[in-house]
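Notes for the structure review
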Amino acid sequence: MILSIEQLSVRSREKALVHEVTLSIRKEEWFALVGQSGSGKSLLSQAIGQMLPPNLAAHGRIFFQGLDLLRLPPSRARSLRGSALAYVFQDYQGSFTPFRTIGQHFEEYQKAHGVASAGVRKQQAMEALESVGLDGQLLSRYPFQLSGGQLQRASIAIALLLSPKLLIADEITTALDSVSGHRILQLLADKQRQTGCAILFITHDWRHVRRYAQRIAVMKEGKIVESGSKQHILEHPQHDYTRRLIQAVPVLPVPDSNLSSGLMEVGQR
Ligand SMILES: Nc1ncnc2c1ncn2[C@@H]1O[C@H](COP(=O)(O)OP(=O)(O)OP(=O)(O)O)[C@@H](O)[C@H]1O
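So, here's what we can say about the structure.

What counts, and where the lines are drawn
Along each chain, residue indices are assigned from 1 in the same order as the chain's sequence is written. It should be noted that, the model being predicted, local features are given only for residues of pLDDT at least 70 and side-chain atom pairs only at 80 or more, the latter also being counted only at that level, while totals for whole chains, interfaces and linings use all residues. Numbering of helices and strands starts at the N terminus; helices are DSSP runs of H or I of at least 4 residues and strands are runs of E of at least 2. Note on burial: count the other C-beta atoms lying within 10 Å of the residue's C-beta; 20 or more is buried, 12 or fewer is exposed, in between is partly exposed, and C-beta positions come from the backbone. When DSSP finds two or more bridges between two strands, those strands count as paired. All axes here are fitted lines through C-alpha atoms, helices being fitted over the stretch that makes contact, and every angle between N-to-C directions spans 0 to 180 degrees. Whether two residues are in contact is decided by their C-beta atoms, placed from the backbone, lying within 7 Å. Multiplying 1.5 Å by the residue count of a helix minus one yields the expected span of that helix.

Phi at glutamine 65 takes a positive value of approximately 50°, unusual for a residue other than glycine. Topologically, glutamine 65 is positioned in the loop between β4 (57-64) and β5 (67-68). For serine 163, which is not a glycine, the phi torsion comes out positive at approximately 50°. Tracing the sequence through the fold places serine 163 in the loop between α5 (148-160) and β7 (166-170). Taking the C-beta count within 10 Å as the criterion, serine 163 has 11 such neighbours and is therefore assigned exposed.

Rendered as structure tokens:
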């Protein structure tokens, strides 16, 4: 196991928002955490990296590479985030500071994680951008000069820069049109094959789950109501909530990522 969560609860002063969740993620697997809006998926993912808002507290245990993440000093958790553990979020615009170039974001990220040589930083940034299908020239652009799909690619490139063992992808296609969304997931699947990182994939979209996940946990009102292999959950859902989630989504053919949509983004090779 790369990550084991045991009896995790997230509480505000008033109430528990995540209730005693236990789950584990295997090395190199694509693990989908599924549930409707407000079910607690994001809070669970934020608890892993000690990123909860200050009015909330996490209780329980989260083991990652032999460390109990909830008991790490904040400085240690910060250095872990971005190196062994990385995040990509739905709000790709919020992931970038508007008046810093894409290159400056790469610089800052690498400096914060101790990449000392300016030459190495530049080279790694160019290669990382190219590895997600973007032109290295985009390093000199500002975030607002990139499309949504390009920005999400850039945020994946930054997240994977230091070869994390676990990537947490929280609703990363929600703000994109469906063609760009499928391209992003195809890219993530390719990168996962190349790097072997495990992915905690948070979504409410069963089409993406069907296509990419190996195992699934279903969350409702802060609790995991069932979990198991994709095949098992899709073919034998035990919980009425899961059945309704599955039935709510028509099985649509997924656009072939090799087919051009006619909307190829500028700067994408
Ligand atoms: N800082 C906070 N203080 C109090 N309640 C919060 C806070 N952040 C989130 N919540 C509540 O916790 C619950 C779970 O929120 P969470 O964002 O984890 O849901 P989610 O499943 O990720 O939903 P979505 O798919 O819409 O992001 C919601 O009811 C939300 O309103």
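The next subject is the environment of arginine 78. Secondary-structure assignment places arginine 78 in helix α2 (residues 74-80). In this structure, the C-alpha to C-alpha distance between arginine 78 and glutamine 50, residues 28 residues apart in sequence, is 8.3 Å.

Read across the sheet, six strands follow the order β6-β7-β8-β3-β9-β10 without closing on themselves; strand pairing throughout is mixed. Both edges of this open sheet fall to β6 (85-89) and β10 (223-229), since each of them pairs with a single strand only. Across this sheet, the average inter-strand angle for adjacent strands is 15°, counted without regard to direction. Where β6 meets β7, five bridges bridge the pair, whose relative direction is parallel. Looking at β7, one finds that alanine 86 is bridged to leucine 167. Here α5 sits on the sheet in contact with β6 and β7, set at roughly 170° to β6.

Let us look at helix α6 (residues 178-195). Here α6 is 18 residues long and its end C-alpha atoms lie 25 Å apart, about the 26 Å a rise of 1.5 Å per residue gives. Of the residues making up α6, those classed as buried are Ser180, Gly181, His182, Arg183, Ile184, Leu185 and Leu188. Against α5, β7, β8 (198-203) and α7 (206-212) lie the buried residues of α6. Trailing α6 by a residue or two, glycine 196 shows a phi angle of about 75°, which is positive.

All we've got here are geometric facts, nothing functional implied.
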